[in-house]
Amino acid sequence: MEREFTNKRDLARTYAEAMNLLRPETKDLHQRVAYAAYGIAKEMGYKDKDLDDLILASLLYDVGIVLMPEKHEGRYGFKELVSTNLDMIGDIKLLKVAADVYKATDTEKYGESVDNKNKIFADIILISDKIASMLDESDAALNQVEDISYTVSDMAGEEIKDEVAEAFLRFSEKEYVWMEILHQPYIFFDHISDEDNVTIDDAIVFARFMARIIDFRSSYTAMHSSGVAAVAVRLAEIMGMSSVECKKMMIAGYLHDIGKLKVPKVILEKNDKLTDEEFNVVKEYAYYTHLLLKDITGFEEISKWAALHHEKLNGYGYPFRLSKDQIPMGARIVALADTFAAVAEIRPYRTGLSKEEVVRILLENVERGAMFSYLVELLITNYDEIQGIRDAEVSREGARYYASVVEVEE
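In this text the structure is predicted, and so the values were computed from the model without any measurement.

Draft legend 1. The arrangement of the packing of aromatic side chains in detail. This structure, assessed with the given rule, holds twelve aromatic pairs. A ring pair is formed by Phe340 and Tyr383, whose centres lie 5.4 Å apart and whose planes are at 80°; its orientation type is edge-to-face. Of this pair, Phe340 sits in helix α17 (residues 329–344) while Tyr383 sits in helix α20 (residues 383–409), and the two are 43 residues apart along the sequence. Residue classification places Phe340 among the buried positions, given a relative accessible area of 0%. The buried category is assigned to Tyr383, whose relative accessible area is 3%. Here a set of aromatic residues connected by ring pairs shows up, and it is made of Tyr15, Phe206 and Phe209. Between the NZ or CZ atom of Arg13 and the centre of the ring of Phe189, over which it lies, the distance is 5.1 Å. Above the face of the Phe372 ring, Arg332 is positioned so that its terminal group lies 5.1 Å from the ring centre.

In structure tokens, the structure reads:
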């Protein structure tokens with residue numbers, strides 16, 4: 001058996017917190033859906049692993065929204081939304097149960113052979129979404145229970161199975177759950193086992209999934225994190241890092257921009273120079289990367305490598321203004337990979353730069369004391385190989401992005 005690297009609880013918590021950044025207007029929605037789903041499933045007698053699986057599926061139920069054009073988000077129903085999730089989740093082992101539950105929402109497409117438990121779980125998530133969407137923080141939770149209960153009762157026998165509706169009604173009789181679901185739904189994380197074995201290879205696949213959420217928000221950055229990860233890993237290999245360190249580097253590359261979920265799309269895609277105020281918004285994202293990753297078991301090095309990629313050796317980076325001696329080699333590698341990938345990409349305000357222009361920019365960073373000269377020399381020496389690796393990775397992710405977006409828009 002492969003050695004455990006981290007656990008599902010920490011990954012689930014990080015995902016939920018990241019989605020809060022992405023959609024602040026629905027803050028804690030995912031936690032509320034998961035809390036309600038957990039409570040209803042317990043009323044139905046589900047235990048342990050089944051509850052863990054349901055919680056993960058509940059947290060992920062609307063991740064497919066990142067593929068949907070913003071102007072059309074409101075037109076998609078629950079069934080269409082969770083079906084779109086399959087494009088994002090793919091065949092990720094950690095998320096297989098979520099994919100199976102989403103398939104259960106569409107028996108016409110996936111057949112009546114879908115497992116009955118997953119059909120029940122799909123119903124539970126459906127009404128949990130309804131509960132979470134109806135709750136209003138401006139009013140006392142108990143004032144809202146009656147309307148929510150009527151809505152769920154109307155769904156019984158038509159949209160959801162009677163046994164799920166009955167379990168909800170038993171759940172709804174406990175007054176405290178409504179206060180918790182509205183004000184501190186995140187406490188359900190305490191019920192997720194932290195003993196589930198998540199290997200470093202599983203963590204890489206999960207990080208790649210998160211990178212898609214980060215990057216797919218904009219066609220201009222749809223493959224950026226994948227390119228950064230590929231370049232960072234090759235630089236780490238050339239530097240002589242161990243295989244485990246290189247795997248950690250891949251995760252750091254995939255997740256270095258996770259805090260960017262807080263940056264509005266209008267700023268990400270602005271085709272002109274950012275104002276000082278807009279740049280201040282951008283500068284905050286590295287700190288949010290730090291907040292999201294710092295408490296994940298096994299990510300102690302990864303968190304620093306990812307969050308410090310905008311620090312400069314001359315002390316003029318952000319957000320911590322670290323000195324040269326405080327910036328680990330892993331963070332220096334991610335910083336160089338990020339800069340290299342960014343200048344090679346097409347952006348709203350310019351086309352990708354030529355090899356000569358990229359080399360000039362990197363050497364200027366060395367002259368200013370911002371980048372580690374030895375690393376830059378390694379990249380320039382191996383430029384064509386590293387560029388080929390980046391291009392190949394970007395092409396793979398680009399094909400996936402294009403296929404997903406075309407399917408959604410059609």
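Here the narrative resumes.
Draft legend 2. Quick peek at the confidence of the model for the protein chain. Per-chain confidence: the protein chain averages 85 in pLDDT, with 83% of residues scoring 70 or above. Note on residues 71–75: pLDDT under 50 across the span, and four contacts to partners over four residues away in sequence or across chains. Confidence drops under a pLDDT of 50 for residues 405–410, and excluding neighbours within four residues, the segment shows ten contacts in the predicted structure.

Draft legend 3. Examining helix α3 (residues 48–59) more closely. A rise of 1.5 Å per residue sets the reference length of α3, with its twelve residues, at 16 Å; its end C-alpha atoms lie 17 Å apart and thus fit the reference within 8%. The element α3 is largely enclosed, with a buried count of nine among its twelve residues. All of the buried residues along α3 are Leu51, Asp52, Asp53, Leu54, Ile55, Leu56, Ala57, Ser58 and Leu59. The inward-facing, buried residues of α3 contact α1 (8–22), α2 (29–43), α5 (96–103) and α7 (116–134).

Basis of the calculations
- Residues numbered from 1 in each chain as written.
- Predicted model: local features only at pLDDT ≥ 70, side-chain atom pairs only at ≥ 80, totals over all residues.
- Heavy atoms only, no water.
- Phe/Tyr/Trp six-rings, centres within 6.5 Å; stacked < 30°, edge-to-face > 60°.
- Helix = DSSP H or I, 4+ residues; strand = E, 2+ residues; numbered from the N terminus.
- Buried < 20%, exposed > 50% of the residue type's maximum accessible area, 1.4 Å probe, protein only.
- Lys NZ or Arg CZ within 6 Å of the ring centre and 35° of its normal.
- pLDDT = per-residue confidence, 0-100.
- Contact = heavy atoms within 4.5 Å.
- Expected span 1.5 Å × (residues − 1).

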